[in-house]
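# Structural overview
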Amino acid sequence: MTQKTYWHLEHERRIPTEYELASSKLLYYKTHRGFELTMPLDQWYEQHQLNSELQCQQWDRFSDPRATTYTSYTEMQSDKETFVDALLELMGSSDYDAGLNAAHVELLEKVIAPMRYPVHGLQMVASYFAHMAPEGRITIASMFQSLDEVRRIQRLAYRTRLLQLTHPKFAHNSQSVWENDPMWQPLREIIERLLVVYDWGQSFVVCNLVVKPLFDELMMVHFGHLAKCNGDYLLDQMLGSLHQDCL
Amino acid sequence: MVNVVLRSESGLPPAGTEERRRLACGDGSTSTETIMKWIHQWYPQTLRAMHSFGSLFERHGGAAINSEGVFLQLEQTYNNFLRHAGLPSLSQGAAQLGAIGGAE
């Protein structure tokens, strides 16, 4: 009898879903008990993945209940991107930015523009534990998380550029704000420490169970509410859309 | 975000979490203790980092917002998040801290 392409899912005794087909047993080196070539990479994976403090006998029990595949992810994000595109177009094509009060523009300069830096850090952390994860389905979900962060960086950068059209000196020093403003320094330290947490489990847990829940809630929800109170209701809606990625 | 849910001893995830992406570690390993150890190590400093943004809400929020309310809500939301993930809330977690060790 010819072996089916999804022989490894035959025990389910049904035709596998698209998600199961696309996500099962992706990490070939797990099946083959290691990489084909002996390289320093082996030792890195042994130390920071196999010998992680976070242990589970059956990582393959993880399954994304949303069954997100690349196709469904792009379809889902496409709707959100259409929505944010419309918001940004509205901001850019009207005198919306000229109508924002000076104190609020100053606030945006201190928060929105420098926010690209910590979000970029979170994106790099997600990419790290994605490729270090011990199971392909965790890798896939984590890569989507990394893509969500890229989306957030891109939208924050776009919003920053739009504001520069009305306020030419806006955010000319955002890197300096990120590196020197006392308000950002405790978070910068956290992000930089997290970037050198090499144990995949600790990196995953600290990012997803400590830093992101607090950061996302404060910046996407509470800061959005603050913007709305200052009359910047479109930013609140944009951050609301980006916050959906964080849930 | 990938949500982590620890299965209870019965092997079932906590009620209301079925629709979330979850990572189940219900094999009798010490995952919960390890996860809580890391949370206790990182939470205080992360929360302090969030509080450093407090002045924004004081200075720019007007009468509609006060930073005390923002951070109270932030901690409540975070504890709900932990509960939905099948983890002890932080006050409960703090009680276990002596057993786990390693917190700041």
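Per chain, the residues get numbers from 1 upward, laid out in the order the sequence is written. Lettering of chains starts at A and numbering of ligands starts at 1, both following the order in which they are written. Local features are withheld for residues below a pLDDT of 70 in this predicted model, meaning they are given only at 70 or higher, and side-chain atom pairs are given and counted only at 80 or more; totals for whole chains, interfaces and linings count all residues. Computation of side-chain values: all heavy atoms of the structure, hydrogens and water removed.

### Regarding the overall build of chain B
- Elements are defined by DSSP. Helices are runs of H or I of four residues or more, strands are runs of E of two residues or more, and each kind is numbered from the N terminus. Of the regular secondary structure elements, chain B holds 4 helices and 0 strands.
- Categorising residues by exposure relies on relative accessible area from a 1.4 Å probe, with only protein chains included: less than 20% of the type maximum marks a residue as buried, more than 50% marks it as exposed, and the intermediate range marks it as partly exposed. Here chain B, with 104 residues, has 47% of them falling under the buried criterion.
- Taking contacts inside chain B between residues at least 6 apart in sequence as the whole, the part at least 24 apart equals 53%.
- Every accessible area reported is derived by Shrake-Rupley at a probe size of 1.4 Å, with residue values counting cover from the shown protein chains alone. About 4900 Å² of surface is accessible on chain B, with carbon and sulfur atoms providing 50% of the total. Every residue pair with non-hydrogen atoms within 4.5 Å of one another is taken to be in contact.

### Section: the overall build of chain A
- The helix and strand inventory of chain A stands at 11 helices and 0 strands.
- When its helices and strands are written in sequence order, chain A yields α-α-α-α-α-α-α-α-α-α-α.
- Seen through its principal axes, chain A has C-alpha atoms that stretch 70 × 35 × 25 Å.
- Taken over 247 residues, chain A has a buried fraction of 52%.
- Considering only intrachain contacts with a sequence separation of at least 6, the fraction spanning at least 24 residues in chain A is 76%.
- As displayed, chain A has an accessible area near 12000 Å², and 54% of this comes from carbon and sulfur atoms.
- Of the side chains in chain A, 22 bear a positive and 32 a negative charge, and the two mean positions are spaced by 2 Å. Note on charges: Lys and Arg go in the positive column, Asp and Glu in the negative column, and His and the chain ends are not counted at all. To locate a charge, take NZ of a lysine, CZ of an arginine, CG of an aspartate or CD of a glutamate.

### Quick notes on the confidence of the model for chain A
- The predicted model of chain A has a mean per-residue pLDDT of 90, with 98% of residues at 70 or higher.
- The element-level mean pLDDT for chain A is lowest in helix α2 (residues 28-31) of chain A, coming to 74, with helix α9 (residues 185-195) of chain A highest at 97. Known as pLDDT, the predictor's confidence for each residue is given on a scale from 0 to 100.

### Considering the packing of aromatic side chains
- Only the six-membered ring of Trp is used, alongside the rings of Phe and Tyr, when aromatic pairs are assigned; centres must lie within 6.5 Å, and planes under 30 degrees apart are stacked while those over 60 apart are edge-to-face, with the rest tilted. If you walk through the whole model with that rule in mind, you get 14 aromatic pairs over all chains.
- Taking 6.1 Å as the distance between ring centres and 25° as the angle between the ring planes, the aromatic pair formed by Y78 of chain B and F81 of chain B counts as stacked. Remark: F81 of chain B and Y78 of chain B occur in helix α3 (residues 67-84); sequence separation between them is 3 residues, near one turn of the helix.
- With relative accessibility at 13%, the residue F81 of chain B sits in the buried group.
- Grouping aromatic residues by their ring pairs yields a cluster made of W59, F129, W200 and F204 of chain A.
- Charge-over-ring placement is defined geometrically: NZ (Lys) or CZ (Arg) within 6 Å of the ring centre, and within 35 degrees of the ring normal. A cation over a ring is seen here: R193 of chain A above W42 of chain B, with NZ or CZ 4.5 Å from the ring centre.

### A few points about the pattern of salt bridges
- By salt bridge we mean one thing: a side-chain nitrogen of Lys or Arg within 4 Å of a carboxyl oxygen of Asp or Glu. Considering all chains together, one arrives at 13 salt bridges over all chains under this definition.
- A cluster of three or more residues bridged by salt bridges with shared partners is formed by K80, E81, D85, R151, R155 and D245 of chain A.

### Some words on the nonpolar core
- Core analysis: the largest hydrophobic core is formed by 88 residues, its most contacted members being M115, W184, M219 and F223 of chain A together with I39 of chain B.
- A per-element tally of this core places helix α10 (residues 200-229) of chain A first, with 16 residues.
- When sequence neighbours within four positions are dropped, the list of residues in contact with W184 of chain A reads K110, V111, P114, M115, P118, V177, W178 and M219 of chain A together with F53 of chain B. Throughout this description, the term nonpolar core refers to a set of buried Ala, Val, Leu, Ile, Met, Phe, Trp, Tyr and Cys residues connected via side-chain atoms within 4.5 Å.

### As for the interface of chain A and chain B
- Taken together, the 58 residues of chain A in the interface contact 49 residues of chain B.
- A quick way to say it: buried area is the sum, across both parts, of accessible area lost when two parts are put together, with a 1.4 Å probe. With both chains or domains summed, chain A and chain B bury close to 4800 Å², and 70% of this area falls on carbon and sulfur atoms.
- Counting the surface chain A buries against chain B, the share from its top three residues, L209, L214 and L218 of chain A, is 15%.
- Where chain A touches chain B, the interface holds 1 salt bridge.
- Ionic pairing is found between K37 of chain B and E53 of chain A, a salt bridge with its closest N-O pair at 2.5 Å.
- Polar contacts here mean pairs of N or O atoms no more than 3.5 Å apart (in protein, one a potential hydrogen donor and the other a potential acceptor; neighbouring residues in sequence count only if both atoms are side-chain atoms). Applying the counting criterion to the chain A and chain B interface returns 6 residue pairs in polar contact (both at pLDDT 80 or more).
- Put simply, the parts of the chain that give the side of chain A that touches chain B at least two residues each are α5 (102-111), α7 (136-166), α9 and α10 of chain A.
- For the side of chain A that touches chain B, the element with the highest residue contribution is α10 of chain A, accounting for 21 residues.
- Residue polarity is assigned by list, with Asp, Glu, Lys and Arg as charged and Ala, Val, Leu, Ile, Met, Phe, Trp, Tyr, Cys and Pro as nonpolar; anything else, Gly included, falls into the polar class. Residues of the side of chain A that touches chain B, tallied by class, amount to 34 nonpolar, 12 polar and 12 charged.

### Some remarks on the state of the cysteines
All names here are of chain A.
- Disulfide: a pair of cysteine sulfur atoms within 2.5 Å of each other. Under the counting rule described, the total for this entry stands at 0 disulfides over all chains.
- Note on C207: no disulfide assigned, nearest cysteine sulfur contributed by C246 at a separation of 10 Å.
- According to the relative accessible area criterion, C207 is buried, its value standing at 0%.
- Here C246 falls in the buried class, since its relative accessible area comes to 7%.

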